[in-house]
Amino acid sequence: MHLIDFIIFLAFTLGVVVFGCSFFKKGSSADEFTSAGHSIPGWVVGMSIFATYVSSISYIGYPGKAFAANWNAFVFSLSIPIASYFAAKYFVPFYRHSGSVSAYTFLEEKFGAWARLYASACYLLTQIARMGSILYLLAVPMYILMGWDLHAVIILTSIGIIIYSMMGGLKAVIWADAIQGIILIGGAVLCLAILMFSMPEGPMQTFELAANSPMGNKFSLGEFTSDLTTSTFWVCLVYGIFINLQNYGIDQNYVQRYHAAKTDRDAKFSALFGGYLFIPVSALFFLIGSALYGYYEAGVAELPADIAQKPDYVFPYFIVNGLPVGLRGLLIASIFAAGMSTVSTSVTSAATIILTDYARPFFLKARRVKDQLTHHDPEHHSRHQRLELAVVRLSSVAVGLLGAIVAIAMLSVESIIDAWWTLSSIFSGGMLGLFLLGCIPQKINRWAALTGCICGVLVIGWLSLADMWNLPGPHLHPYLAIVLGTTVIFLVGFLLTLLLKGKR
C-alpha cells in the first residue's frame, strides 16, 4: 500500500473511533445510551438505516455475486418498498407509543415472558452471525492489500468498533452511520466510473460482455420457475419480503432508530428514506460486479486464477491493483465505513436487548425494588442508573468479542452472501410469525402460540438439516426457512386458538 493510501485509510478509521468517542457524556443514563435522547433528525436516522443495510456484505458480496453469477440477489432489494410502506404506516407509530425501547416487550404482554425471551434470543443469534460475516469481509481487503493476518485484522477492528459503540451509545452510532453512508456511496460511484471508462470500446462494452457471457446473461434476475430447491426469482423475492418485514417490524436495530428520531414524522420519513435509498445503491454494487466481469473479460487487466475462484476477493483485488493512489485508500476506507456502521449498530442493539430483556427483568428488578423500599434519596436512584449503564457497556464488549469469534470461524466460507442469508433465515426462528399473531385482532391463546413456535422451530430444524442428514421429505432451499417457519408459527397458533375456542 502506498503511504498516501495508508494515511487516508488510517485517518478515516481512527477518525470514526474518535468521533464516536466524542459523544461520551459523563453521568448519562442507560435510556439515553439506548435511545439517543429522542433527538436525532429524520434524515440522519434514515441514513443510519440505509448504512445498516449497506454493510461489507453489500460492498464486497454483491459485486462478487454479480461477477460470478448474475443479479439474482438484487431481487432481495426489490422487496424493500413493501416493508418500508408497512413500517411507516404501522410499525413506527406502534413502537413510538409503546413506551419501551425493546422490540419484544409487546410479545411478553401478549403471550408471556417466554415469547419475549424466544424472540430476543433469536435476535441475538442473528446479530452475532451478522457481525461475524461483516468482520470477515472487513479483513479480506487488508489481507489482499498488505498481507495482514486475517485474524489480527478482525480482532483489531472489533476492538475499535467496541470502543466507540460502548462510549458513545446509539447517538454516536447513528451520526457515524450517516457520515459513513455518504462516504461509501461516493467511493462506489467513483469505482464504477473508473471500471466502465477503462473499457477499450467505451462504457457500453461492459453491458455487451456481461449480457452475452458464456455462463448466461449476467443481468438476469434468476429463473422464473416454481422450483423451490434453487435460488429462483420467486424464492429470493419471498425471502426478501419476509426478511425485510422482520427487519422493519421486529429487528431491534430499526426499532431503536424509530425511538431515536425527534418526532413521529421524522421516524416515518427515516423508515422510507433509508429503505428506498438502498435500492439504487445496491443496484450500483451489482453493476460494479458486472463491470468487473467486463473489465477482466476484455483483457484490460489479468485476474489470477486463485482470485477468480473466490468471488468475494475480486473487488478487493481490483481496488488494490486497478485504482490510482489516493482513491485506493478512499475505497478501502469506504468498505470499512460500510462494515463499521453495521457492526456498531448490531453491538449497540444487542447490548440494549441484553439490558431490557434479560438484566432488568431477572437481575436488576429485585435490586431496584429493594432500594425503593429501604431508600428514598436520589443517590440510590443514581446508583441504579450507573449499574444499568455498566451492564449495557459490558454487554457491548461481550457481543463484539463473540462477533469476532464467529468471523474467525467463517474464514473457510466460499460465498459470504450465501452463508449470511442462510444463517439469518435459520436463526430468525420464524419470530415474525409470532409477531403477526400478536398483531391480529383475534386474541390468540398463549398455549396455542407456544405450540406454534415449537412447530415452527421443528420445521426450520428439519429444513436446515434435511440435506446434511438426508432426512425424508422435500429438500427445499435454506432461504425458505424463514418463510416456512413464519407461516407454520402463524397458522398453527391461529388455527389451534380457533379449535380451542370451538371446544369451549
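Shown above is the structure to which this text applies.
As the structure is a prediction and not an experimental result, all values here were calculated from the model.

What counts and how
Residues numbered from 1 in each chain as written. Predicted model: local features only at pLDDT ≥ 70, side-chain atom pairs only at ≥ 80, totals over all residues. Heavy atoms only, no water. Disulfide = S-S within 2.5 Å. Buried < 20%, exposed > 50% of the residue type's maximum accessible area, 1.4 Å probe, protein only. Bend = angle between axes of the 7 residues up to and from the residue. Helix = DSSP H or I, 4+ residues; strand = E, 2+ residues; numbered from the N terminus. Contact = heavy atoms within 4.5 Å. Axes fitted to C-alpha atoms, helices over the stretch in contact; angles between N-to-C directions. Parallel < 35°, antiparallel > 145°, perpendicular 65-115°, else oblique. Left-handed = near helix turned anticlockwise from the far one by under 90°. Nonpolar A, V, L, I, M, F, W, Y, C, P; charged D, E, K, R; others polar. Salt bridge = Lys/Arg side-chain N within 4 Å of Asp/Glu carboxyl O. Patch = residues over 30% accessible without salt bridge, like charges linked within 9 Å, V, L, I, M, F, W, Y side chains within 5 Å. Areas by Shrake-Rupley, 256 points an atom, 1.4 Å probe, with all protein chains shown as cover. Arc of directions from axis to C-beta. Phe/Tyr/Trp six-rings, centres within 6.5 Å; stacked < 30°, edge-to-face > 60°. Lys NZ or Arg CZ within 6 Å of the ring centre and 35° of its normal.

Focus: the state of the cysteines
Thought 1: Throughout the structure, instances matching the rule amount to 0 disulfides.
Thought 2: With no disulfide of its own, Cys439 lies 14 Å from the sulfur of Cys453, the closest cysteine sulfur.
Thought 3: Looking at Cys439, the relative accessible area reads 41%, which means it is partly exposed.

Quick look at helix α6 (residues 80-96)
Thought 1: Taken as a whole, α6 carries its principal kink of about 50° at Ala87.
Thought 2: Turning to α6, its buried residues are Ile80, Ala83, Ser84, Ala87, Ala88, Phe91, Val92, Tyr95 and Arg96.
Thought 3: Of the surrounding secondary structure, the elements contacted by the buried residues of α6 are α3 (42-53), α5 (75-78), α11 (233-250), α12 (252-260), α13 (264-297) and α19 (431-439).

Observations concerning the packing of helix α1 (residues 3-21) against helix α9 (residues 150-197)
Thought 1: In contact at an axis separation of 7 Å, α1 and α9 are set at 120° when each is read in the N-to-C sense. One finds that α1 runs oblique with respect to α9. Considering the relative orientation of α1 and α9, their crossing is right-handed. Residues Phe12, Val16, Val17, Phe19, Gly20 and Cys21 of α1 lie in contact with α9, whose contacting residues are Gly160, Ile163, Tyr164, Met167, Gly168, Ala172, Trp175, Ala176, Ile179, Gln180 and Ile183.
Thought 2: Of the residues contributing to the contact of α1 with α9, the split by class is 13 nonpolar, 4 polar and no charged.

What about the pattern of salt bridges?
Thought 1: Scanning the entire structure with this criterion turns up 6 salt bridges.
Thought 2: One salt bridge in this structure joins Asp5 and Arg328, with 3.2 Å as the shortest N-O distance. You can see Asp5 sitting in helix α1 and its partner Arg328 sitting in helix α16 (residues 327-374), a full 323 residues away along the chain.
Thought 3: One salt-bridge network, in which partners are shared between bridges, spans Glu108, Arg116 and Asp357.

Regarding the packing of α6 against α13
Thought 1: Running from N to C, α6 and α13 point in directions that differ by 160°, and their axes come no closer than 9 Å. Viewed along their axes, α6 and α13 adopt a mutual orientation that is roughly antiparallel. In terms of crossing hand, the pair formed by α6 and α13 is right-handed. Along the contact surface, α6 presents Ile80, Pro81, Ser84, Tyr85, Ala87, Ala88, Val92, Pro93 and Arg96, while α13 presents Asp264, Ala267, Lys268, Ala271, Leu272, Gly275, Tyr276, Phe278 and Ile279.
Thought 2: Split into classes, the residues belonging to the contact of α6 with α13 amount to 13 nonpolar, 2 polar and 3 charged.

Description of a nonpolar patch on the surface
Thought 1: A grouping of Ile82, Tyr85, Phe86, Tyr90 and Tyr276 is seen on the molecular surface, where their side chains present a nonpolar patch of about 480 Å² in accessible area.
Thought 2: Among the elements that take part in the nonpolar patch, α6 stands out by supplying 4 residues, more than any other.
Thought 3: Turning to its location among the elements, Phe86 is positioned in helix α6.

Looking at helix α10 (residues 204-211)
Thought 1: Burial in α10 covers these residues: Gln205, Thr206 and Ala210. One side of α10 holds all its buried residues, which, seen down the axis, span an arc of 125°.

Brief notes about the packing of aromatic side chains
Thought 1: What the rule picks out here adds up to 26 aromatic pairs.
Thought 2: With a centroid separation of 5.6 Å and an interplanar angle of 70°, the aromatic rings of Trp71 and Phe74 are classed as edge-to-face. Across the pair, Phe74 and Trp71 agree in class, each one buried.
Thought 3: Of the aromatic side chains, those joined through ring pairs into one cluster are Tyr62, Trp71, Phe74, Phe207, Phe219, Phe278 and Phe286.
Thought 4: In this structure, Lys218 packs its charged tip against the face of Tyr293, placed 4.8 Å from the ring centre.

Purely geometric stuff here, so don't read any function into it on its own.
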